[in-house]
Amino acid sequence: MRSRIIGRRHRRKATRALAAGKPPQHPVVITARTPDSLRARAFGLGLAGTGAAHFTAPRAFDPLTARAFPRATRRWTYRNGFTEMVLGLAITFRRSRPIGSVGFIAYLAFLAARFSGAQPAEEAGAGRW
């Protein structure tokens with residue numbers, strides 16, 4: 001019973017302090033999370049779904065993959081599917097979204113270099129004397 005009386009007195013003091021314009025002694029801080037981006041989540045799920053499609057129907061992706069990766073095309077189809085699935089899942093979840101976004105940009109740069117015809121240094125013979 002005594003705790004109820006003390007609780008009421010404390011509430012009255014806090015109410016009076018707020019009415020007088022003074023901050024309360026023990027303020028309650030509520031942190032609200034920003035709403036999750038539905039666009040980013042939908043994009044991530046779409047990318048992960050496309051990556052999974054590389055495994056279920058690899059023949060659909062082989063002609064496009066062969067342009068950038070003429071040797072071992074099917075293996076590259078599976079590698080690209082795995083990469084897209086991992087990056088898509090990383091973009092889907094809020095905590096890993098920054099890492100997934102950076103990885104996606106790097107993956108796009110890699111694919112652009114392969115489609116443009118640029119060769120990696122070891123294939124171009126840069127290290128050979």
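This one's a predicted model, so the numbers in the text were calculated from it and none came from an experiment.

Visitor: Would you explain the pattern of salt bridges in this entry?
Guide: Enumeration over the complete set of coordinates arrives at three salt bridges. Between Asp36 and Arg97 there is a salt bridge, with its nearest N and O atoms 3.0 Å apart. Remark: Arg97 occurs in helix 5 (residues 97-116) and Asp36 occurs in the loop between helix 1 (2-19) and helix 2 (38-56); sequence separation between them is 61 residues. With a closest N to O distance of 2.6 Å, Arg74 and Asp62 form a salt bridge. Of this pair, Arg74 sits in helix 4 (residues 73-92) while Asp62 sits in helix 3 (residues 58-68), placing them 12 residues apart in sequence. Residues participating in the shared-partner salt-bridge network are Asp36, Arg41 and Arg97.

Visitor: Sorry, what's going on with the packing of helix 3 against helix 4 here?
Guide: Relative orientation of the contacting elements helix 3 and helix 4 amounts to 105°, with a least axis distance of 9 Å. Considering the angle they form, helix 3 stands roughly perpendicular to helix 4. Between helix 3 and helix 4, the residues in contact are Pro58, Arg59, Phe61, Asp62, Thr65 and Ala66 and Thr73, Arg74, Trp76, Thr77, Tyr78 and Asn80, respectively. The residue inventory of the contact of helix 3 with helix 4, partitioned by class, reads five nonpolar, four polar and three charged.

Visitor: Just checking my understanding: could you explain the nonpolar core for this structure?
Guide: Buried together is how nonpolar side chains tend to be arranged in soluble globular proteins. Counting residues in each nonpolar core, the largest one holds eight residues, listed as Leu47, Ala68, Phe69, Leu87, Ile91, Phe104, Tyr107 and Leu111. Among the elements that make up this core, the one with the highest residue count is helix 5 (three residues). Every residue in contact with Ala68, bar those within four places of it in the chain, is listed here: Arg114 and Phe115.

Visitor: Please explain the environment of Arg79 as it appears in this structure.
Guide: Following the sequence through the fold, Arg79 ends up in helix 4. Residue classification places Arg79 among the partly exposed residues on the basis of a relative accessible area of 37%.

Visitor: Is there a simple way to explain the side chain of Thr77 in this structure?
Guide: One can find Thr77 in helix 4. Residues in contact with Thr77, not counting those within four places in the same chain, are His54, Pro58, Phe61, Asp62 and Thr65.

Visitor: Would you mind showing me how to read helix 2 here?
Guide: Along an α-helix, residues three or four apart share an orientation, since each turn contains 3.6 residues. In this model, helix 2 (19 residues) spans 26 Å end to end at C-alpha, consistent with the 27 Å of a helix rising 1.5 Å per residue. Of all the residues in helix 2, the buried ones are Ala40, Gly44, Leu47, Ala48, Gly51 and His54. Projected onto a plane normal to the axis of helix 2, the buried residues spread over an arc of 100° and lie on a single side. Across helix 2 from its buried face, at more than 90 degrees, point the exposed residues Leu38, Arg39 and Thr56. If you follow the buried residues of helix 2, they end up packed against helix 3, helix 4 and helix 5.

Visitor: Can you help me understand the packing of aromatic side chains in this one?
Guide: Under the counting rule described, the total for this entry stands at five aromatic pairs. Measuring from ring centre to ring centre gives 5.6 Å for Phe55 and Tyr78, while their planes differ by 10°; the resulting arrangement is stacked. With Phe55 in helix 2 and Tyr78 in helix 4, this pair connects stretches of sequence that are 23 residues apart. By relative accessible area, Phe55 is classed as partly exposed at 37%. Exposure remark for Tyr78: the relative accessible area of 33% places this residue in the partly exposed category. Plain terms: the ring middles of Phe69 and Phe110 are 6.0 Å apart, the flat faces sit at 35° to each other, and that makes the pair tilted. Of this pair, Phe69 sits in the loop between helix 3 and helix 4 while Phe110 is found in helix 5, placing the two residues 41 residues apart along the sequence. Judged by its relative accessible area of 2%, Phe69 falls in the buried class. Given a relative accessible area of 33%, Phe110 falls into the partly exposed group. An aromatic cluster is built from Phe69, Trp76 and Phe110, whose rings are joined through pairwise contacts. Stacked on the ring of Trp76, the Lys or Arg Arg79 has its end atom at 4.7 Å from the ring centre. For the cation-ring pair, Arg114 lies above Trp76, with the distance from its terminal atom to the ring centre recorded as 6.0 Å.

Conventions and cut-offs
Residues numbered from 1 in each chain as written. Predicted model: local features only at pLDDT ≥ 70, side-chain atom pairs only at ≥ 80, totals over all residues. Heavy atoms only, no water. Salt bridge = Lys/Arg side-chain N within 4 Å of Asp/Glu carboxyl O. Helix = DSSP H or I, 4+ residues; strand = E, 2+ residues; numbered from the N terminus. Axes fitted to C-alpha atoms, helices over the stretch in contact; angles between N-to-C directions. Parallel < 35°, antiparallel > 145°, perpendicular 65-115°, else oblique. Contact = heavy atoms within 4.5 Å. Nonpolar A, V, L, I, M, F, W, Y, C, P; charged D, E, K, R; others polar. Core = buried A, V, L, I, M, F, W, Y, C linked by side-chain atoms within 4.5 Å. Buried < 20%, exposed > 50% of the residue type's maximum accessible area, 1.4 Å probe, protein only. Expected span 1.5 Å × (residues − 1). Arc of directions from axis to C-beta. Phe/Tyr/Trp six-rings, centres within 6.5 Å; stacked < 30°, edge-to-face > 60°. Lys NZ or Arg CZ within 6 Å of the ring centre and 35° of its normal.

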